[in-house]
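If you want the building blocks of each chain, they are given just below.
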Protein chains: 2
Amino acid sequence: MVAQRANVSRVAVSRAFNPHASLKPAKRELILRIAQELNYTPDRAARALVSGRSHLVGVIVPDVCSHWESQEIDALTTALQAEGFATLLFKTRIDYSMDEQLLAYMRGFNPDSVIAFVENVKPATLARFLDRAVPIYVHYPRSGAPEESQAGPLHDRLNVLHRTGVEQAVSLLQGYGVRRIAYVSGVDKSRANTAREHMLRVVMAERGLAPPIIAASDFSYDRAYAATLDLFRVGEGADAIFAANDVGAFGVIDALRHELNLRVPEDVKVVGFDDIAQSHWKSYNLTTVKFDLEERVRALVRLILRRLNNPDAPALEETLNTRLVVRGTVG
Amino acid sequence: MVAQRANVSRVAVSRAFNPHASLKPAKRELILRIAQELNYTPDRAARALVSGRSHLVGVIVPDVCSHWESQEIDALTTALQAEGFATLLFKTRIDYSMDEQLLAYMRGFNPDSVIAFVENVKPATLARFLDRAVPIYVHYPRSGAPEESQAGPLHDRLNVLHRTGVEQAVSLLQGYGVRRIAYVSGVDKSRANTAREHMLRVVMAERGLAPPIIAASDFSYDRAYAATLDLFRVGEGADAIFAANDVGAFGVIDALRHELNLRVPEDVKVVGFDDIAQSHWKSYNLTTVKFDLEERVRALVRLILRRLNNPDAPALEETLNTRLVVRGTVG
DNA sequence: TTGTATGCGTTATCAT
DNA sequence: ATGATAACGCATACAA
C-alpha cells in the first residue's frame, strides 16, 4: 500500500481493485500496472475485517483420500476458485461425528460458507457455531419428490434422489433372474447409507422381491471384503450384491474373485454407488448408480452464491437425480 | 468482544487466549468459560492483520484426487491442524505448470507457508510472489547423499533418496533372472519422473543390465494402460516393468492381464513407486518402492515450524529414504 | 497483573 | 471522480 503512494493516493488503489467502484479508467489501468510490477495484492485479511467476507469456504471432511470425497473436493475447489473463493480444509474424526472443538477452531477463520462431509451433526449444533454462514445439508428424500422443508434453524438443502438409479439397477438385475440380493452397507447410521438401504428395500418390495440380506460394512474396501467373505462362508450367499459405494464394491469383487473363486458377473453380479473415476478401471469395470459429480458441485456452488448474495433468504434448495451406469459387473 | 464487556475489560480477553500472556489464572479461566458460553472465538483475520501470521498454509495441487496427493493432503491437514494451522487449497492446471495469476491470487490470502505439488516452477518465481513465506522444494539428490545447496533465492528442501528402494527392487528382479526391463514414465519433465528414471538407469548400469526401455506415460492409469499395449504390440515387450507411480502400475497390470492375456507376475513382473493405500488391494497387490507418507508429512511440518520460528534462518533441510515393499507382482 | 493507546490494511461514509 | 476519516477486531508497547 505504501508503495502505491509513489504514484497516486491511497484509496484509489482500493477502488482500482473493486471493479464496480468509480474510477477513471486510465487511472485504474495505471494503478493495476504498477501493482503488478510491485507484486502487490490487496490483503484479504484486512478486506475480510471490514467487509465481513473472508472468501473462504470451509470444507469439513473425515477422510480426504476417500475417493468420492477427494473427487468432490477437487471439483469444488476448481469451481470455488473460479468464483474468487478458496477452500479451507478441516479434518474431523473418522467416525463421522463432529466435535465442537473443531467447529470453534474453524469459526475463528470466519468462513463465508461451510460444507460438511459429515453426517451426524445436527443443524442446531452447526448453526450455533456459524455466525453469518448458513449450512448446507445433503438430504435424501424418501419419496420421489422433495419433501416439505421442516422447522428448525435455517439451513439450505441439496436434495439427492436415489430412486431412479436404484430402480434401473434392480430392474436390470431382475431381468437376469436374480433372486437373492445382498446389501453390503456403509457406516451404520450415516445418512447416505440409510438412504441407500431404504431405497433399495422400497424398490425391491415394489417389484415383489424379498428384502435384501444386509451385510454390515463401513464404506471401506477392507470391511466390504471381509463382509463378503462372511456372507458366503457363514451366511447364505447371494446372486447379486449392492455395495453402499464403489470402493466397497471393489472389496466385494476382489473377495468374490480372489478368495471365494466366484466369477463376476457370471456367478454373482455387483452394483455400486457413486461412479468414481476408478470404476471404469478394467479390474473392476463396475456397474454403478451414478451421482453426477460435476452436476453436484455446480449445485453446491449455486447454493453458496445464492446464499451469499441474499443472506436473509429463506431456506434454499437444489435437487439432483441419479442414474445407472452399466458396465461389466452385471450381465 | 463486545459481549465480554459484560464481565471484564477488553484486552484481558485477548490475553486469555494467548497462553504466554500474563493474566491471573482465575480471571483467564473465567473469561474462557464465558467465551465458550457465548460461542466467542478470536477472529483470525484481525489477528493476522496485527501479528502478521495467518495460520494458513497454502497447498497448490494440480489434481486433488490423485491418490498420492490426496493421501498426502489428508495427512498434512491432520498434522497442521494439530499445530493450529489450516490448509488452504488451490488448484493449478493439470499440466504441472504454475501460472502467475494463481500465485497472485493465493498471495492475497497471506499464507504463512506454501507447499506446491507442482514441479516446473522456479524458486525465483515462487519467491517473487511470497513475502514472508519461504518455499519448500522437494529435491531428489542424484547420488546417495544430499548435495550441496546451490545459490539462488532462499528455499528449504525436502530431500528424497530414491537409491535404496530402487536398488532393492532391481536386485529382486535380477534374482528372478529378468532381462528386459521397461519403465512406464510419469509426466515428461516432472522432477519425480526424471529422478526415478535416472536412478533406475544408474542402478541397472551398476548391475550390468542394459538400459531400461522407456514407454512414455503421464502418471495416469489410462495412459499407462495404453503405453503398455504399445510396448507389447508395437514394441519389443519386457520381462519386468517399472511404473513411475502406483496408479500407473495398476494401468500396466490391467493392460497385461485383461488385454494382452499375460500373467503377472509369472510372465511379466511389475513394480510401482509410492505405496499408496490401494496397492494392497487384492486385484493389484503391488510390489512397490515405498515413500513413507507419515514420515514425509512429519518432515514437512517440521520444516514449516522451524522456518516459522526462525524466519531468517539459512536454508533448512530434511532427508527421507525409500524402501521396497514386496507383494505379489514380483515372484 | 491490568488497563490505555496505537496501528495493522482495507473498505465505507462523507465530503469535495 | 477523488480524497480525508472512521471503523473492522485484535495484539502490543507502555504506563499504572
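Residues numbered from 1 in each chain as written. Chains lettered and ligands numbered in written order. Predicted model: local features only at pLDDT ≥ 70, side-chain atom pairs only at ≥ 80, totals over all residues. Heavy atoms only, no water.

Naming follows an unreviewed UniProt entry, where chain A appears as LacI family DNA-binding transcriptional regulator of Devosia marina.

Draft legend 1. View of the overall build of chain A. Across its full length, chain A carries eleven helices and twelve strands. For chain A, the C-alpha atoms occupy an extent of roughly 80 × 45 × 35 Å along the three principal directions. Counting across all 331 residues of chain A, residues that qualify as buried make up 56%. When contacts within chain A are restricted to residue pairs at least 6 apart in sequence, long-range pairs at least 24 apart make up 69% of them. Surface accessibility of chain A: about 14,000 Å² in total, with carbon and sulfur atoms responsible for 51%. For chain A, the separation between the mean place of its 40 positive charges and that of its 39 negative charges on side chains is 6 Å. (Helix = DSSP H or I, 4+ residues; strand = E, 2+ residues; numbered from the N terminus. Buried < 20%, exposed > 50% of the residue type's maximum accessible area, 1.4 Å probe, protein only. Contact = heavy atoms within 4.5 Å. Areas by Shrake-Rupley, 256 points an atom, 1.4 Å probe, with all protein chains shown as cover. Lys, Arg positive; Asp, Glu negative; His and termini not counted. Charge placed at Lys NZ, Arg CZ, Asp CG, Glu CD.)

Draft legend 2. Expanded view of the sheet that holds strand β7 (residues 213-215) of chain A. Residue and element names in this part refer to chain A. On the basis of which strands lie adjacent, the open sheet formed by six strands has the order β7-β6-β8-β9-β10-β12 and mixed pairing. Strands with a single pairing partner mark the edges of an open sheet, and in this sheet they are β7 and β12 (322-325). Across the sheet, the mean angle from the axis of one strand to that of its neighbour is 20°, orientation sign disregarded. Sheet topology places strand β9 (residues 269-274) next to strand β10 (residues 287-291); four bridges connect them, and they run parallel. Across the sheet, the residue bridging to D274 is K290, located in β10. Where helix α8 (residues 191-206) meets the sheet, its contacts fall on β6 (181-184), β7, β8 (240-243), β9 and β10, and the angle it forms with β6 comes to roughly 170°. Sheet contacts for helix α9 (residues 221-233): β6, β7 and β8; angle to β6, the most-contacted strand, approximately 150°. (Pairing = 2+ DSSP bridges. Axes fitted to C-alpha atoms, helices over the stretch in contact; angles between N-to-C directions.)

Draft legend 3. Focus on the protein's contact with DNA strand C. Taken together, the neighbourhood of DNA strand C is formed by 21 residues, with S14, D43 and R47 of chain A together with S9 and R15 of chain B sitting nearest. When atoms of DNA strand C within 4 Å of the protein are sorted by moiety, sugar and phosphate together comprise 61%. Contacts to DNA strand C include S9 of chain B, whose side-chain N or O atom sits 2.6 Å from a phosphate oxygen. R15 of chain B has a polar side-chain atom sitting 2.6 Å from a base nitrogen of DNA strand C. Counting only elements with at least two residues in the surface near DNA strand C, the list comes to α1 (10-17) and α3 (44-51) of chain A together with α1 (10-17) and α3 (44-51) of chain B. Counted by class, the surface near DNA strand C contains ten nonpolar, five polar and six charged residues. (Near = heavy atom within 4 Å. Polar contact = N/O pair within 3.5 Å; in protein donor to acceptor, adjacent residues only side chain to side chain. Nonpolar A, V, L, I, M, F, W, Y, C, P; charged D, E, K, R; others polar.)

Draft legend 4. Main features of the interface of chain A and chain B. Each partner contributes residues to the interface: chain A has 55 residues there, and chain B has 55 residues. Where chain A abuts chain B, roughly 4,600 Å² becomes buried across the two surfaces, and 56% of that area is made up of carbon and sulfur atoms. The tally of links from chain A across to chain B stands at two salt bridges. A salt bridge links K91 of chain A to D74 of chain B, with the nearest nitrogen and oxygen atoms 2.9 Å apart. For the pair chain A and chain B, the number of links is 33 residue pairs in polar contact (both at pLDDT 80 or more). Elements that contribute at least two residues to the side of chain A that touches chain B include exactly α3, α4 (67-82), β2 (86-91), α5 (100-107), α6 (123-129), α9 and α10 (246-259) of chain A. When residues in the side of chain A that touches chain B are grouped by element, the largest group, eight residues, is from α4 of chain A. In this structure, β2 of chain A lies alongside strand β2 (residues 86-91) of chain B, joined through three bridges in antiparallel fashion. Looking at β2 of chain B, one finds that T87 of chain A is bridged to L89 of chain B. (Buried area = accessible area lost by both parts, 1.4 Å probe. Salt bridge = Lys/Arg side-chain N within 4 Å of Asp/Glu carboxyl O.)

Draft legend 5. Focus on the UniProt feature "domain: HTH lacI-type" (unreviewed entry) in chain A. Taking the UniProt record as the reference, the feature "domain: HTH lacI-type" (unreviewed entry) is found at residues 1-51 of chain A. Span residues 1-51 of chain A is 57% helix and 0% strand, its end C-alpha atoms 18 Å apart. (UniProt positions renumbered as here; feature names shortened; annotations may be inferred.)

Draft legend 6. Highlighting the sheet that holds strand β9 (residues 269-274) of chain B. All names here are of chain B. With respect to topology, six strands assemble into an open sheet ordered β7-β6-β8-β9-β10-β12, the strand pairing being mixed. Each of the sheet's edge strands pairs with one partner strand only, and the pair in question is β7 (213-215) and β12 (322-325). Along the sheet, successive strands turn relative to each other by an average axial angle of 20°, direction set aside. Examined bridge by bridge, strand β10 (residues 287-291) and β12 share four bridges and lie antiparallel to one another. When the bridges of β12 are listed, V289 appears paired with L324.

Draft legend 7. Structural detail: a nonpolar patch on the surface. Together, L49 and V50 of chain A together with L49 of chain B make up an exposed nonpolar region whose accessible area comes to about 290 Å². Here L49 of chain A lies in helix α3. (Patch = residues over 30% accessible without salt bridge, like charges linked within 9 Å, V, L, I, M, F, W, Y side chains within 5 Å.)

Draft legend 8. Fine view of the pattern of salt bridges. Considering all chains together, one arrives at 32 salt bridges over all chains under this definition. Residues D275 of chain A and R327 of chain A are paired through a salt bridge, measuring 3.1 Å at the closest nitrogen-oxygen approach. With a gap of 52 residues between them, D275 of chain A in the loop between β9 and β10 and R327 of chain A in the segment after β12 connect regions that are remote in the sequence. On the basis of relative accessibility, which here comes to 22%, the residue R327 of chain A falls in the partly exposed class. A salt bridge links R163 of chain B to E167 of chain B, with the shortest nitrogen-to-oxygen separation between them at 2.8 Å. On the criterion of helical spacing, the pair formed by R163 of chain B and E167 of chain B is a turn pair, its members being four residues apart in helix α7 (residues 163-175). Assessed through its relative accessible area of 26%, E167 of chain B is described here as partly exposed.

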